[in-house]
Structures are given as structure tokens and as C-alpha cells.
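The primary structure of each chain is shown beneath.
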Protein chains: 2
Amino acid sequence: MRDTSRGDVSASLQVNFDRLRDEILALAEIGRDDQAGGLYRMAFTPADMEGRRWLADRIEKAGLEAITDGAANLGTRYGGEPNEPVVMVGSHIDTVPNAGYLDGTLGVLIGLEAIRRMKEAGVKTRRPVELISFSDEEGRFGGLFGSQAVAGEINPETVRTARDLNGVSLVDAMSECGYEAMAALNARRDRATIHSYIELHIEQGPVLDQKQIPVGVVENITGLFKWSVRLEGVPNHAGTTPMEMRRDPFMGLAEFAGEVPRILEENGSDLSRATIGRVDLFPGAANTVPGEVVFSMDVRDTSSEVMEQLAGAFRKALSAIARRRGLKFGFDVLSEVEPAPCDPEIVGIIERQAGIRGLKSLRMPSGAAHDAQIMSRIAPIGMVFVPSKDGRSHSPAEWTAWEDIEAGANVMLGTLLELAGSR
Amino acid sequence: MRDTSRGDVSASLQVNFDRLRDEILALAEIGRDDQAGGLYRMAFTPADMEGRRWLADRIEKAGLEAITDGAANLGTRYGGEPNEPVVMVGSHIDTVPNAGYLDGTLGVLIGLEAIRRMKEAGVKTRRPVELISFSDEEGRFGGLFGSQAVAGEINPETVRTARDLNGVSLVDAMSECGYEAMAALNARRDRATIHSYIELHIEQGPVLDQKQIPVGVVENITGLFKWSVRLEGVPNHAGTTPMEMRRDPFMGLAEFAGEVPRILEENGSDLSRATIGRVDLFPGAANTVPGEVVFSMDVRDTSSEVMEQLAGAFRKALSAIARRRGLKFGFDVLSEVEPAPCDPEIVGIIERQAGIRGLKSLRMPSGAAHDAQIMSRIAPIGMVFVPSKDGRSHSPAEWTAWEDIEAGANVMLGTLLELAGSR
């Protein structure tokens, strides 16, 4: 990307913020359930379809063409010279249940606004720019479906067997919406056709909000491993079993949890995270010493080496505790995702675009998974974070100040113009 | 009880063990579910009623009268002089779901065998002896119902509102079995009419089995308090929330659990027990730092003072941890039961009866609740424990060696003869 030409327009063109704000509020009406609270625009539900129709309409009202690929990813494309690879900007408009207004949506609407402004201003670019709103990022059917299809990471078996929590198959759900699920295999792009992928997202964490910095420049998307850990002891009567005759797996878990901070300090980085989010005791009665405990371990870092060291240290600690306490220890790996680095040049461009506008920015990791993580397998990626009020997300309390949204939108517009080579 | 005359017969009379064994095996057929495993003879179910009819038949076949009181407690009475208070021996034949053969049942059948042997041998006693098989000890409708009725610890409101886990009321369940629930209020006995109450039970713990001692002489039935403790923090994304910005209530619980042994050592006795048997995390997702944890604390000791000290120490530890970690702490008291001491003279009689027979015995607490605990409020009580194989109970794996059952039965017979004043 050393040939990126830096037109002045990338510093001077601004988004139409009133229009962007109106669209954010308009899309927030779709799938809203005032009784339950929050948005319910899960992938391939009627609300999701209504959202897609609304988005296609906005694209067409801007004089652009609404394009849907085989994975039902929806977007548009603008400008560029023949045979040049595309600069993509995207995110998703599907939501978790009980969602806020901004997760995913903000990235899509800012991408649309950026491309629309370029068209209105008659900006010419060397590379075409493309908006893409990915299908099922949030995981009704497993998550990151649309970006995985684009990156060529699905196959007929994964498409055929995907089901939601109620047992509805992806094939049936897409079919009801008028899509043919197997066509998702056609959504794959050749890496030669993609110049770069950028995505704006709310941080979903407290860092920018606490530090009062409007722009986060993502350097790495963290990898993670998720374990289901099992400690097995002996269930006993809480009254009749002396303390020293117990083999209580919950006390083993408590000891292990107490060692997590030490293990992170000794083997992790400042960016390491470890979370025990789910704990099940069996039989789970107040008057019974538990015989078994099953718990989740979610461990993240931006470095594969650090993650390996952490995995080793957690295993050792659990084995030692189990041995000493007469417990059986086992674990299943539920998922493993490699960290994804952002492209250093795109990181630099985003930083410069913030600087031009007098905006403070902070290099930071993304602790959450995003479509960008998948896209990193076929293209250089970049991500912009805007502050999440109190770090809240996946909740109707999710919010970002309007001025931060405007700032982020302009940084994205400038970055897009630079990457596309505006004249 | 200093006037108890010690007839020689208390040392020489033996139970008919073959008959006792046959009855244990016969009652083990009633309510057995071979597919689900174990016994399902929950109070006021058809299996419980079949068990009661079988027991009444055994009583009558022995030439005794089957007597049912207002609380549907079933038993019989033998001998004694006019106006003398009764020596009671009892337990229960109702079971938990998936039960073993001996919990409760053994005490009732040994009581029956002892009284039957006295009758067969023509033993005369100063005080009448009475067998009582209490209703709903195990708690389909809350537990210890029959003994609470005898001790006068029920009232019309408790009878009217008692329901099982499926919402069936005690009133309806008893009515279907031909009983009038409100008549339970008539089962109350005057304390002047009861000389003493004794009960044999399986230990339900591992101590006698591990020490290979056949006779446990209960000195105290432990009291308990049961808390539901709530620690409230802030739910957060497991990936986006740095470790130092978390207020994770599960880590607070883990720290607290780690302090339980210290708190027991500093404030408890050798007989103190503390158990965390139920833990619920909210929202309980692997990728979310929990926002709230609710857990049970079951704490037992034989001394009210020790229990008070423990309660204070646990409260202090929880408050300190909550304060330091920015958590909210609250707890509800789910139940509180005072410890019940056994009568020192009865303890001595049981010990001597074991010694006469060349049986090793061990003074010990009962960590579990028993009808004897309730009966202690209106009478001097004593309890004999027999070993539980591997401490197993409330399970089809519950078992006691036949020779230990025979030994326990003869100790009970001797104790009953001494208490009743045999001639």
C-alpha cells in the first residue's frame, strides 16, 4: 500500500452528520421490543429482513446499487478504475437479543455515509470502495457467517448442519427469507481482488470512556481459547462429612480462581484476560458437598505465544490442585481463535486521520471478535473504535456520545479516501 | 432416669436377626424402581402407603396393635404400668427419591424387632415402650412433619400451606391417602407422658466406616444455619474489559471460599462444617464477566455459641471482600436450627450396652437432622449410629454390613430394656 496517494480531500471532506444520526435512529426502530427492552434483530428473522430492506432502500436512494452476495451479505460499490482491488468497509446490522442500537449497525451506517459523501462530492478514487453488511455476525447460527463465507472458511457441511438454539437450521431460516444457503459457498472472494478491509465498531469495553479518548486505533484483535473444565470429587452430605474427609471440587475451583491473577502476571501480558463466566455444581444442593464442578475458562491475548504459555500454566495449576485434593481433572477445548494483527500501515493512516482532525487517539487491542478478524485472513485490515459509555454493550444501555460518533465517522471517511487513493 | 432398674435381661436378650434381615429386604421391595434405580417411597405416595400397610401388617402379625395418630404416624405400644411415661423408639419409612434401603427404615424395623422380642420373651417393664414411624421425615412437604406434630411445632397455617415441589398440597396428598391433614394438630404429646426417645440411624457419613467402629453414640445433633449469599458486581465483556477494571463477583466468592478453612480453624470447633453446595452465576455465559453470584452457605456445629461466632466471622470476611472488590453483599437466612444435645444418661446407657456386647463405640455428633432433633424439645433423647459404607447415603449405594446392623439392633434392644425398666 505504499502507492496510496494522499489527496487533500481526505482531510477536508466531512460526513453529513445530521443524516447519519437520523439513520442511526431510524434503524434503531427496526426490531425494537419496548416490552422486553432493546433490539431483537437476530439474523434471518423478520426484523433482520426489515432492516436489510431498509438498508437496501437507503443505498438506492443514494443513487447506488444494492448488491447481495450468495451469503446474503448486503452492500454497494462505488468508483475505482478497472482491475483495481477493492477497499472494503463493513460490519453487520444483525443483533443479539436485547441489543443496543450501535453494535455493528454503527460501522455499516458510517460506511454507507462515507461512500455516499464521496459520491455526492464527486470524489474519484483509484480503487473502488465497497460497503458490506455481513450476515449473522452475532451468532444465531454460530456467528461471523457472512465474513467467513467471503474469506472462504465455510463448506457444505458447516452450512448444512448450522442450527440456532431452537433447532432451526440455517438452511430453513435462509430459505424462509428467500435465500439459498448453499449459495453462500459462492460468496468467497479471491484475496487478489481485495486491497484492504476497515471496520468501525464501538469498543464494547471501558477503556476509551474512562480515559476520555474519542478514537481507538486497533492494533490487534485478540485470539482466545475457551475451555470447559471439569473437576470431579465425591458428593457428600454437608453435615455428616468432616472437612478433612471431603474431596470438594468447588474448593478446588476456588483455589484455582485465586491463582488466576498470579498466573496472568507470571505468564501473560498487559493485554491478557482470563474469565470464569459459567460455573455448574453437581448435584448443586445447599446441603450436599458438590461431587463435580464444570466451569468455563475464556482466555485472550494478542500473542499466540503468550496464549500458549497461559494454557500451559493454567493446565499445570489445575493438575496440581486436582492431585493435591484428590480430584479428577479434565477439560474440553470449546473454541480456539488465533489473534489477528491489524495492518501497521492502516494503523498509521487511521492515527494520522485522527491527528489531522485534532482528535486524541489510543492504540489498543480489540478484546472482542469482529468480522475484521475473519477478513484478516484474506486482506490487510484496520479497525477504529469509538468509546462505549461505561463499557456497556449487548444491552439497551449501549451508547456512544454523538460527537464521538461524528468524529469516528470522519476518521473513517478520511481513512477510506486515503486507502482508495482519492484524487 | 436415675431410678432405671437394670434387669439382667437387657444384657442377655437378643434380636431375631434372620427375621430382621428378611423384613429389611422385604420393605426394600416396596417403592423400588429398577429402571430409575433405588427406592421412591416419598411421603403420602402410593409406595409410602404400601409401606405403611406392610408395616401395620407386621405389627399385627406380632400380636401387637397398629396405632396411627393424627399426623399419620404409625406405630405400636407394649407393656408398662399405668400412668408411667412411655419410652419411644422410632424413625421413618418414607424416602427421598432414588433412595437406599436403610435411611429411616432401619431404625423403624429395629424398633419393631426389639419390641416384638420383648413381647415374645414376656419381658415386663415399668414403662411402656412405643414404636413410632414418623410421617414425611425426608421432606416431600418440608420434612420432619410427623415429629414436629408430636412435639407441637406445627399450626393450622403450616399444615394448610405445605406443598411439594410439584405444587401438590399436603392437605390434598393426605386426603388422597385417607387422612385429614388438620388432624395432625391432635398428634401433639404432653412432655410429661414421654420418658425418653431413642433412634437408631445409619451414620450417613464416613467416620465409623473409616475407623471400623460398629457403634456410634450420638452426643449432639448439630445445629445449622443456611444462607443464600449474593455478591453483585458489574457484568462485562470477557474480552474487552481489562482485568483491573473488573468488578467480578465470582472472584470475590473464590477468595471467600479460600478463607473458609481459616475461618473454621479460628472460630470453629473440630465438629464445625461449612459447605458451598450451590453456585449460580449471572448471566452465566463463558464470554461474560459475571455481574452477580448467588451461592449457598451451609454451616453446622454442635454449639450455638460456636455457630454464632462462625456466622460473625463469615459475615466479616464477606463484607471485607465485597468492600475491597467494589461488590454489593447481601444474604438471606434460609434456615436456622438450634443444636440438640442428647441426654448424657442415655449416652451412657448406649455406651454400656455396646460395651457389654464387646462392641467398640465412638461418641460423635450427628451432622444430619433427624426426628430425634425435634423430639429433643419434649423429651430426653438418644441416638445410635451404625456405619455407612463409604459414607454413602440418599443413594442406592447406601449400605451397612449385616453384622453391624445386628450389633446395632442388640444395642438398641438393651438400651430400650434399660430405659423401660425391665424386670
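Per chain, residues are indexed from 1 in the order of the written sequence. Chain letters start at A and ligand numbers start at 1, both assigned in the order the entries are written. Owing to the predicted nature of the model, reporting of local features is limited to residues with pLDDT of at least 70; listing and counting of side-chain atom pairs is limited to 80 or more, with chain, interface and lining totals taken over all residues. Excluding hydrogens and water, the side-chain figures rest on all heavy atoms present in the structure.

### Description of the overall build of chain A
Where we set the bar: Starting at the N terminus, helices and strands are each numbered in turn, a helix being any DSSP run of H or I of at least four residues and a strand any DSSP run of E of at least two. Values of the radius of gyration come from C-alpha atoms, whereas the globule rule sets the reference at 2.2 Å times the count of residues to the power 0.38. Residue exposure (1.4 Å probe, protein chains only): buried if accessible area is under 20% of the type maximum, exposed if over 50%, otherwise partly exposed. Residue contacts follow a heavy-atom distance rule, with two residues in contact if any of their heavy atoms lie within 4.5 Å. Two residue types count as positive, namely Lys and Arg, and two as negative, namely Asp and Glu; His and chain ends fall outside the count. Charge positions come from single atoms, namely NZ of Lys, CZ of Arg, CG of Asp or CD of Glu.
Along the backbone of chain A there are 13 helices and 16 strands. By the compact-globule yardstick of 22 Å for 423 residues, chain A fits well, its C-alpha radius of gyration being 24 Å. Judged by the C-alpha coordinates and their principal axes, chain A covers about 80 × 45 × 40 Å. Per-residue burial for chain A yields a buried fraction of 61% across its 423 residues. Counting only contacts in chain A whose residues sit at least 6 apart along the sequence, the fraction spanning at least 24 positions is 81%. Counting 46 positive and 62 negative side-chain charges, chain A places the averaged centre of each group 2 Å from the other.

### As for the packing of helix 3 (residues 46-61) of chain B against helix 4 (residues 105-120) of chain B
Residues and elements named next belong to chain B. Cut-off, in case you're wondering: Interaxial angle, 0 to 180 degrees, is taken between N-to-C directions of lines fitted to C-alpha atoms, where a helix line uses only the stretch in contact. For classification, angles of less than 35 degrees are called roughly parallel, those exceeding 145 degrees roughly antiparallel, those between 65 and 115 degrees roughly perpendicular, and all remaining angles oblique. The crossing is said to be left-handed when, going from far helix to near helix, the turn is anticlockwise and less than a right angle, and right-handed when the turn is clockwise.
With their axes 11 Å apart at the nearest point, helix 3 and helix 4 run at an angle of 15° to one another. Between helix 3 and helix 4, the interaxial angle falls into the category roughly parallel. In this structure, helix 3 crosses over helix 4, and the sense of that crossing is right-handed. Mapping the contact onto sequence places Trp54, Leu55, Arg58 and Ile59 in helix 3 and Val108, Leu109, Leu112 and Arg116 in helix 4.

### Looking at the domain arrangement of chain A
Interface extent is often summarised as the accessible area lost during association of the parts. Residue and element names in this part refer to chain A. Note the threshold: The split into domains, and so the bounds of each, comes from an automatic or database assignment of domains. Defined here as a combined quantity, buried area equals the accessible surface (1.4 Å probe) lost by two parts on assembly, summed across both. We call two N or O atoms a polar contact when they sit within 3.5 Å, provided that within protein one can donate a hydrogen and the other can accept it, with sequence-adjacent residues counted only if both atoms are side-chain atoms. When residue character is reported, Ala, Val, Leu, Ile, Met, Phe, Trp, Tyr, Cys and Pro are called nonpolar, Asp, Glu, Lys and Arg charged, and the others, Gly included, polar.
Assigned domains of chain A: these are domain 1 (4-221 + 339-420) and domain 2 (223-337). Here domain 1 and domain 2 have C-alpha centroids that lie 36 Å from each other. Opposite the 8 residues of domain 1 that make contact, domain 2 presents 10 residues. Carbon and sulfur atoms supply 61% of the area that domain 1 and domain 2 bury against each other, a total of about 610 Å² over both sides. Looking only at domain 1, the three residues that lose the most surface to domain 2 are Pro339, Pro365 and Gly367, adding up to 65% of its buried area. Where domain 1 touches domain 2, the interface holds 1 residue pair in polar contact (both at pLDDT 80 or more). Counted by class, the side of domain 1 that touches domain 2 contains 4 nonpolar, 3 polar and 1 charged residues.

### What to know about the relation of the copies chain A and chain B
The relation between the two chain copies is a rotation about an axis coupled with a shift along that axis. The cut-off we apply is this: Superposing copies: least-squares fit, C-alpha atoms only, residues required to have pLDDT of at least 70 in both.
Once chain A has been moved 0.1 Å along the axis and rotated by 180°, it coincides with chain B to within an RMSD of 0.1 Å. Taken together, these values place the two copies in the relation of a two-fold axis. Ranked by how close their C-alpha atoms come to the rotation axis, the residues of chain A are headed by Ala254 of chain A, at 2.1 Å. Of the interface residues in chain A, 100% have counterparts in chain B that sit at the interface too, so the contact is made through matching surfaces.

### Concerning the packing of aromatic side chains
Any two aromatic rings considered together are summarised by their centre-to-centre distance and by the angle between their planes. Residue and element names in this part refer to chain A. The test is simple: Aromatic pairing here means that ring centres of Phe, Tyr or Trp (its six-membered ring) are within 6.5 Å. Orientation follows from the plane angle: under 30 degrees is stacked, over 60 is edge-to-face, and everything else is tilted.
Here the structure, examined in full by the defined rule, presents 20 aromatic pairs over all chains. Seen in terms of ring centroids, Tyr101 and Trp399 are 6.4 Å apart; in terms of plane orientation they differ by 90°. Their pairing is edge-to-face. Of the two residues, Tyr101 is situated in the loop between strand 3 (86-92) and helix 4 (105-120) and Trp399 in the loop between strand 16 (381-386) and helix 13 (402-420); the sequence distance between them amounts to 298 residues. Classification of Tyr101 as partly exposed rests on a relative accessible area of 25%. On the accessibility criterion, Trp399 (25% relative accessible area) is partly exposed.

### Focus on the side chain of Ser133 of chain B
Residues and elements named next belong to chain B. Tracing the backbone shows Ser133 in strand 4 (residues 129-134). Residue Ser133 is classed as buried on the basis of its relative accessible area, which comes to 5%. Those residues within four positions of Ser133 in sequence are excluded, and the remaining contacts are Leu55, Asn73, Leu74, Ser91, His92, Ile93 and Val108.

### Some remarks on the interface of chain A and chain B
Formally: Should a side-chain nitrogen of Lys or Arg be within 4 Å of a carboxyl oxygen of Asp or Glu, the pair is scored as a salt bridge.
Tallying the contact residues gives 47 residues for chain A and 47 residues for chain B. Both faces combined, the contact of chain A with chain B buries some 3,800 Å², and carbon together with sulfur accounts for 64% of it. When the buried surface of chain A facing chain B is broken down by residue, Thr240, Arg273 and Ala286 of chain A rank first, second and third, together holding 14% of it. For the interface between chain A and chain B, the tally reads 0 salt bridges. On the surface where chain A and chain B come into contact, there are 10 residue pairs in polar contact (both at pLDDT 80 or more). Contributing elements (two or more residues each) for the side of chain A that touches chain B: helix 8 (207-211), strand 8 (236-237), helix 9 (249-267), strand 9 (273-275), strand 10 (279-282), strand 11 (288-289) and strand 12 (292-301) of chain A. The element best represented in the side of chain A that touches chain B is helix 9 of chain A, accounting for 8 residues. Grouping the amino acids of the side of chain A that touches chain B by side-chain chemistry returns 23 nonpolar, 17 polar and 7 charged.

### Describing the pairing of strand 7 (residues 223-232) of chain A
Residue and element names in this part refer to chain A. Heads up, the rule is: Note: two strands are recorded as paired if DSSP finds a minimum of 2 bridges between them.
Summarising burial for strand 7: 8 of the 10 residues are buried, a large majority. Pairing of strand 7 with strand 12, which is carried by 10 bridges, proceeds in the antiparallel orientation. Among the inter-strand pairings, Leu231 is bridged to a residue of strand 12, identified as Val293. Bridge count for strand 7 against strand 13 (residues 328-337) is 9 bridges, and the pairing is antiparallel.

### Regarding the pattern of salt bridges
Residue and element names in this part refer to chain A. Under the defined criterion, the tally for this structure stands at 56 salt bridges over all chains. In this structure, Arg140 engages Asp164 in a salt bridge whose closest nitrogen and oxygen atoms are separated by 2.9 Å. Of this pair, Arg140 sits in the loop between strand 4 (129-134) and helix 5 (145-150) while Asp164 sits in the loop between helix 6 (156-161) and helix 7 (170-176); the two residues are 24 residues apart in sequence, bridging distant segments of the chain. Salt bridges sharing common partners tie together Arg19, Glu23, Arg58, Glu113, Arg116, Arg117 and Glu120.

### Some points on helix 9 (residues 249-267) of chain B
Residue and element names in this part refer to chain B. Definition in use: Take the residue count of a helix, subtract one, and multiply by 1.5 Å to get its expected span. Throughout, bend refers to the angle between the axes fitted to the seven residues that end at a position and the seven residues that start at it.
Taking 1.5 Å per residue, 19 residues should reach 27 Å; helix 9 reaches 25 Å between its end C-alpha atoms and fits that length. The principal kink in helix 9, of about 35°, is found at Val260, preceding the proline Pro261 by one to four residues. Where helix 9 begins, one side-chain oxygen reaches toward the backbone nitrogen of Phe250, 2.8 Å away; that side chain belongs to Asp248.

### Brief notes about helix 2 (residues 17-27) of chain A
All names here are of chain A. For clarity, the threshold we go by: What the arc covers is the set of directions going from the helix axis to the C-beta atoms.
Those residues of helix 2 not exposed but buried are Phe17, Arg19, Leu20, Glu23, Ile24 and Leu27. Seen along its axis, helix 2 keeps its buried residues to an arc of 160°; they face one direction. Those residues of helix 2 hidden inside the fold are in contact with helix 3 (46-61), helix 4 and helix 13. For helix 2, the side-chain oxygen to backbone nitrogen distance between the N-cap and Asp18 is 3.4 Å, and the N-cap itself is Asn16.

### Comments concerning the side chain of Asp69 of chain B
Residues and elements named next belong to chain B. Here Asp69 is to be found in the loop between strand 1 (67-68) and strand 2 (74-78). There is no salt bridge for the buried Asp69, and the closest opposite charge comes from Arg189, which lies 4.7 Å off by N-O distance. Reaching out from Asp69, the side chain makes a polar contact with the backbone nitrogen of Ala71 at a distance of 2.9 Å. Ignoring sequence-local partners within four residues, the contact set of Asp69 consists of Ile132, Val150 and Ala187.

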